[in-house]
Amino acid sequence: MAQHNLTRAEAAERAAQVSVTSYDVTLVLDGQGETFRSVTTVRFAADSDDSTFIDAVTAKVHSIRLNGEELPVDEHVSAARISLPGLAPDNELRIDAEFFYMNTGEGLHRFVDPVDDETYLYTQFEVPDARRVFAVFEQPDLKASFSFTIIAPESWTVVSNSPTPVAGEPHEALAELGIESADMALWQFAPTPPLSSYITAIIAGPYKSAHSSLLSRDGEEVPLGVYARASLFEHVDAEEIFKLTRAGFTFFEDLFAIPYPFEKFDQLFVPEFNAGAMENAGAVTIVEDYVFRSRPKRSTVESRAVTILHELAHMWFGDLVTMRWWNDLWLNESFAEFTSTLATAEASEFSDVWTSFATVEKAWAYQQDQLPSTHPIVAPIEDLFDVEVNFDGITYAKGAAVLKQLVAWVGRDAFFAGVKRYFDAHAWANTELDDLLTELEATSGRDLRTWSQLWLEESGINLLRPIVETDESGQLTRLAISQEAVELPGRPVPSLRPHRVAIGCYDITDSGQVVRTHIQSIDLDGPVAEVEVPAGASSRPDIIVVNDGDLTYAKTRFDEVSLRNAVAHASGFEDSLTQLLVFSTVWDMVRDGEIPAQDYLALVGAHAGSITHSAGLLAQLRQAKAAITRFLPPHLRADARARFADDLWTQLHNAAPGSDSQLQFLIGFAETAETDSQLDRVAQMLETGSAPVEGVSIDTDLRWSLVIALAAAGRLDEAGISAALEADDTAMGRNKAQTAKASPQTPAAKTAAFRSLADDRELPNSVVAATALGFAAGLQLPDGSLVAAEEPVGSFVTEYFDRVAGWWESRTLEIAQTLTLRLYPPATPEAVARTRQWLQEHPAAPKGLLRLMAENLDNAERDLRAQQTAVEALSAAGAEAGS
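Cut-offs and rules
- Residues numbered from 1 in each chain as written.
- Predicted model: local features only at pLDDT ≥ 70, side-chain atom pairs only at ≥ 80, totals over all residues.
- Heavy atoms only, no water.
- Helix = DSSP H or I, 4+ residues; strand = E, 2+ residues; numbered from the N terminus.
- Rg over C-alpha atoms; globule rule 2.2 N^0.38 Å.
- Buried < 20%, exposed > 50% of the residue type's maximum accessible area, 1.4 Å probe, protein only.
- Areas by Shrake-Rupley, 256 points an atom, 1.4 Å probe, with all protein chains shown as cover.
- Salt bridge = Lys/Arg side-chain N within 4 Å of Asp/Glu carboxyl O.
- Phe/Tyr/Trp six-rings, centres within 6.5 Å; stacked < 30°, edge-to-face > 60°.
- Lys NZ or Arg CZ within 6 Å of the ring centre and 35° of its normal.
- UniProt positions renumbered as here; feature names shortened; annotations may be inferred.
- Core = buried A, V, L, I, M, F, W, Y, C linked by side-chain atoms within 4.5 Å.
- Contact = heavy atoms within 4.5 Å.
- Domains from an automatic or database assignment.
- Pairing = 2+ DSSP bridges.
- Polar contact = N/O pair within 3.5 Å; in protein donor to acceptor, adjacent residues only side chain to side chain.
- Axes fitted to C-alpha atoms, helices over the stretch in contact; angles between N-to-C directions.
- Expected span 1.5 Å × (residues − 1).
- Arc of directions from axis to C-beta.

What about the overall build of the chain?
Secondary structure assignment for the chain yields 28 helices and 27 strands. In terms of overall size, the chain behaves like a compact globule, its C-alpha atoms giving a radius of gyration of 28 Å where 883 residues would be expected to give roughly 29 Å. Seen along its three principal axes, the alpha-carbon backbone of the chain occupies a region of about 90 × 70 × 55 Å. With 883 residues in all, the chain has 59% of them scored as buried. Roughly 32,900 Å² of accessible area belongs to the chain as shown, and the carbon and sulfur atoms make up 48% of that amount.

So, in structure tokens, the structure goes:
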């Protein structure tokens, strides 16, 4: 199903013409067939005799009635729009149509549970997919009240933005629609406050639920609900979710000094969800991965907490006050990301979550900010094709990091006083950047226009380095910090920005501990800033850490002595944030081709056991896997995997029984096992159902990790995968089985996976993602070539470049993005050349596709540079050994 665009100019013109009052939407949902019935009545004001259009991606339009007059369907319906001529000052539009059920996680998604064959529905509308469910003026600044009437099986649960009413008799409504159906009920939801269409929601099916409530700041009782599929509900820890939700409510209502703006707050774990969660007003949908069937990593539980609080923050940032157009998406996402991390740190058990933010979220931002697609936090968005790929590390993580700096600069009290004024002034309305700056300037007394220009309206990143000078005796005589712009080809050179940055000085004790002896904060606003040399210092510090405490947003480097000492003594840091800043800096140097990937693998292999922070450890293990599969040349990967697996095996046995680290080391070992003896250990765990150490049990999810690892290594055939699926024939089990089947390094497995992904348009989004994950595993052989494709696929590389443009013409955005990113071939000179050629030959391709292909090219070139660094380091080591 094709994608459909809307430009900013069109939206602005329509917003000048139209003021929408209300929608009355009736949906007939039985979960059967390809389509469902949707009848929408819209009331809106307009300039008399003007014309406009309403958005609707329909299967069939039965009728269009504007102000009592029937409009000819064939004259007014196009691919995603219905034209509306001859408007009056006050208009009533009724559109009766059929819309498609979706299986891509967009529009109205339909899922059939393999455990009990029950059907579950939910909507996902951000950015432009309400138009796949009802006729709508699909842009955020045309807010209106929505009244939903749902006719569905009487055994179902139905949830929307307003509280769920008592189900009523549907026969009269069905008769008006000419439908005969038994065993149906009608839910008529009360009108909502003024909302943007993308945060409306319908969730319907035999969901199970748990309920509670809390007392809001204004004395009103707010009902709480937690929902999940019936077959999954036993794993829902509802009381923990309610506990966190209550803490979040208290924190945000106190912080914003504004009561929760909606009547209830439901959280619904839904199947095959494309994102972490979605901030539908009062009815948040959340990915089912956050229902824990097996023992989760602590980092995953922490991530769920941040996600829950992120969506709760959106009830104010995004739902109560909404950006006018998508260029100010950061007013939603950056604020929700910052305030949810703040709330997690101060109102939950995860008090060290800023370490996760520094290690994981900001790493995402730094990577995104060095791609050719980098953009300002306030991004130039000319149409929907721009925004649909803009939910990225800049909009979320960089924006949140910059807000954290702004809070430190203007003061927390002044900042949130400005936020309250912003909410008060613009409740239920739409805003732009200037609206926020005006209120923050009023409460802080600062001129924020220069700050905004440098941090919000310019793209790019700065690099901070220490300047260290000593005299002949080793006495530290000068310490300074330099700043330089990280330049990208074809992109504007970033300005040198103002930074509040802390410089930490550390010494190494005789026992190997790394102890901070001095820390000093400075303001860096230019190319260089001097740091006061610590009084009484008899020699230079063993390690100098730039941006200690992670106060600013910038890449950093060590001086040569500090780097050598920090790597050698990485286990000696007492503070997890400082320790992980060391790991992050070394990783960034590998990504930039400054040091070989072998150095990072040695660092993680030797010191991962000292990392006590769950998200930090998870990040290092993931990056180590990327270092092997991307930043080492193919012929070095097998030996590197084997050595790293041995390191993890050692760390596994040294870890405390029952610890989070122990679980992560076991999973990491399974994923990197390479030699026969290593794979024998994995096979033994699967066969016996027991781990080699006390403290870990082989539960459902861990068992699938073992299955996929063995399948990828050719040690488990389809019969073995089927046996594992028989033991866990659930939706999640089926997806894991798809990954396992696509993982073997054989022409048959890879060809079958590629053909299903490229040719089968009926595959749901979750199966596409799971199959693509397995296809990419082990696709490149040690000699650098790819696993050969079987007929009728001639070459995976050729097929990819021949087909990729077609995916964007025939598939929805989510599927097209997944195929474009996941099926892109491994980095080779051929892949780079073919990508450059493709970009030259397709200048008019969809902007989202051009962006992703440019990112693919940049990543491939980065991979090849890092591989060359690894080869040169190996040659240099060999030459040194020979001499």
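On we go from here.
Focus: the pattern of salt bridges
Taken as a whole and judged by the stated rule, the model has 46 salt bridges. Residues Arg217 and Asp254 are paired through a salt bridge, measuring 3.6 Å at the closest nitrogen-oxygen approach. Of this pair, Arg217 sits in the loop between strand E14 (208-215) and strand E15 (221-228) while Asp254 is found in helix H4 (residues 238-256), placing the two residues 37 residues apart along the sequence. You can call Arg217 partly exposed: its relative accessible area is 43%. With a shortest N-O distance of 2.7 Å, Arg630 and Asp863 are connected by a salt bridge.

Topic: the packing of aromatic side chains
For the structure on display, the rule yields 47 aromatic pairs. Above the plane of the ring of Trp354 lies Lys404, whose end atom (NZ or CZ) is 4.2 Å from the centre. We note Arg497 situated over the ring of Trp455; from NZ or CZ to the ring centre the distance is 5.0 Å.

A look at the UniProt feature "domain: ERAP1-like C-terminal" (unreviewed entry) in the chain
With numbering aligned to this structure, UniProt lists the feature "domain: ERAP1-like C-terminal" (unreviewed entry) at residues 544-862. Regarding residues 544-862, the helix share stands at 67% and the strand share at 2%, and the terminal C-alpha atoms are separated by 28 Å.

Structural notes on the nonpolar core
One finds Phe44 and Phe415 to be the most contacted residues of the largest nonpolar core, which totals 160 residues. If sequence neighbours within four positions are ignored, Phe415 has contacts with Phe335, Phe338, Leu403, Leu406, Val407, Val410 and Leu440. Counting 69 residues, the second-largest nonpolar core is a separate cluster that includes Val590, Ile595, Ala627 and Ala683.

A word on the UniProt feature "domain: Aminopeptidase N-like N-terminal" (unreviewed entry) in the chain
UniProt's feature table lists "domain: Aminopeptidase N-like N-terminal" (unreviewed entry) at residues 21-198, given in the numbering used throughout. Taken end to end, residues 21-198 is 6% helix and 44% strand, and its two terminal C-alpha atoms sit 16 Å from one another.

Focus on the domain arrangement of the chain
Domains assigned within the chain are domain 1 (1-200), domain 2 (207-458), domain 3 (460-532), domain 4 (589-698) and domain 5 (745-882). Using only C-alpha atoms to locate each centre, domain 3 and domain 4 end up separated by 32 Å.

Topic: the sheet that holds E15
With respect to topology, five strands assemble into an open sheet ordered E14-E15-E16-E18-E17, the strand pairing being mixed. Among the strands making up the open sheet, the edge pair consists of E14 and strand E17 (277-278). The sheet contact formed by E17 and strand E18 (residues 283-287) spans two bridges and is antiparallel. Note that in E18 the partner of Met278 across the bridge is Thr285.

Here's the deal with the environment of Ser213
Looking at the element boundaries, Ser213 is found in strand E14. Sequence separation of Ser213 and Gly225 is 12 residues, and the distance between their C-alpha atoms is 8.1 Å. In this structure Ser213 touches Glu221, Val222, Pro223, Leu224 and Arg246, once residues within four positions along its chain are discounted. Looking at Ser213, its side chain comes within polar contact range of the side chain of Glu221, at 2.8 Å.

Remarks on the side chain of Gln620
With respect to the helices and strands, the residue Gln620 is situated in helix H16 (residues 614-629). The exposure class of Gln620 is buried, given its relative accessible area of 0%. A polar contact is formed between the side chain of Gln620 and the side chain of Tyr600, at a distance of 2.6 Å. Contact partners of Gln620, with chain neighbours within four places excluded, come to Thr359, Leu580, Phe583, Tyr600, Val604 and Ile611.

Re the sheet that holds strand E26 (residues 543-546)
Taken together, three strands build an open sheet; the order of strands is E24-E23-E26 and the sheet is antiparallel. Looking at which strands have only one partner, the edges of the open sheet turn out to be strand E24 (514-524) and E26. Neighbour-to-neighbour, the strand axes of this sheet turn through a mean angle of 20°, independent of strand direction. One ladder, built from 10 bridges, connects strand E23 (residues 499-508) with E24; its direction is antiparallel. By the bridge assignment, Val501 is partnered in E24 with Ile522.

Description of unusual backbone geometry
The omega torsion of the bond from Glu126 to Val127 falls at 5°, within 30 degrees of zero and hence cis. Mapped onto the secondary structure, Val127 falls in the loop between strand E9 (119-124) and strand E10 (145-153). Between Glu791 and Pro792 the backbone carries a cis peptide bond, its omega angle lying at 5°. Tracing the backbone shows Pro792 in the loop between helix H24 (765-776) and helix H25 (796-810). The phi dihedral of Ala257 is positive, around 55°, even though this residue is not glycine. With respect to the secondary-structure elements, Ala257 resides in the loop between H4 and strand E16 (265-270). The partly exposed category is assigned to Ala257, whose relative accessible area is 24%. Located in the positive-phi region is Glu272, a residue other than glycine, with phi close to 60°. If you trace the backbone, Glu272 turns up in the loop between E16 and E17. Overall, the relative accessible area of 17% leaves Glu272 in the buried class.

With respect to helix H19 (residues 676-688)
Helical geometry: 3.6 residues make up each α-helical turn, so side chains three or four residues apart lie on a common side. In a regular helix each residue adds 1.5 Å, so 13 residues correspond to 18 Å; H19 covers 18 Å between its end C-alpha atoms and thus fits that length. All buried positions along H19 are accounted for by Gln678, Leu679, Val682, Ala683 and Met685. Seen end-on, H19 carries its buried residues on one side only, within an arc spanning 155°. Away from its buried face, by an angle of more than 90 degrees, H19 presents the exposed residues Asp676 and Glu687. Where the residues of H19 are buried, they touch helix H17 (634-654), helix H18 (660-672) and helix H20 (700-712). Immediately beyond the C-terminal end of H19, within one or two residues, lies Gly689, with a positive phi of roughly 70°.

Some details on the environment of Ser348
Along the polypeptide, Ser348 turns up in the loop between helix H6 (330-347) and helix H7 (353-368). Among the residues examined, Ser348 registers a relative accessible area of 19% and is labelled buried. Ser348 sits 165 residues away from Gln513 along the chain, and the two C-alpha atoms are 30 Å apart. In this view, Ser348 contacts Leu244 and Ala343; residues no more than four positions away in its chain are not counted. Of note is the side chain of Ser348, whose polar atom sits 2.6 Å from the backbone oxygen of Thr344. From its side chain, Ser348 meets the backbone nitrogen of Phe350 in a polar contact 3.1 Å long.

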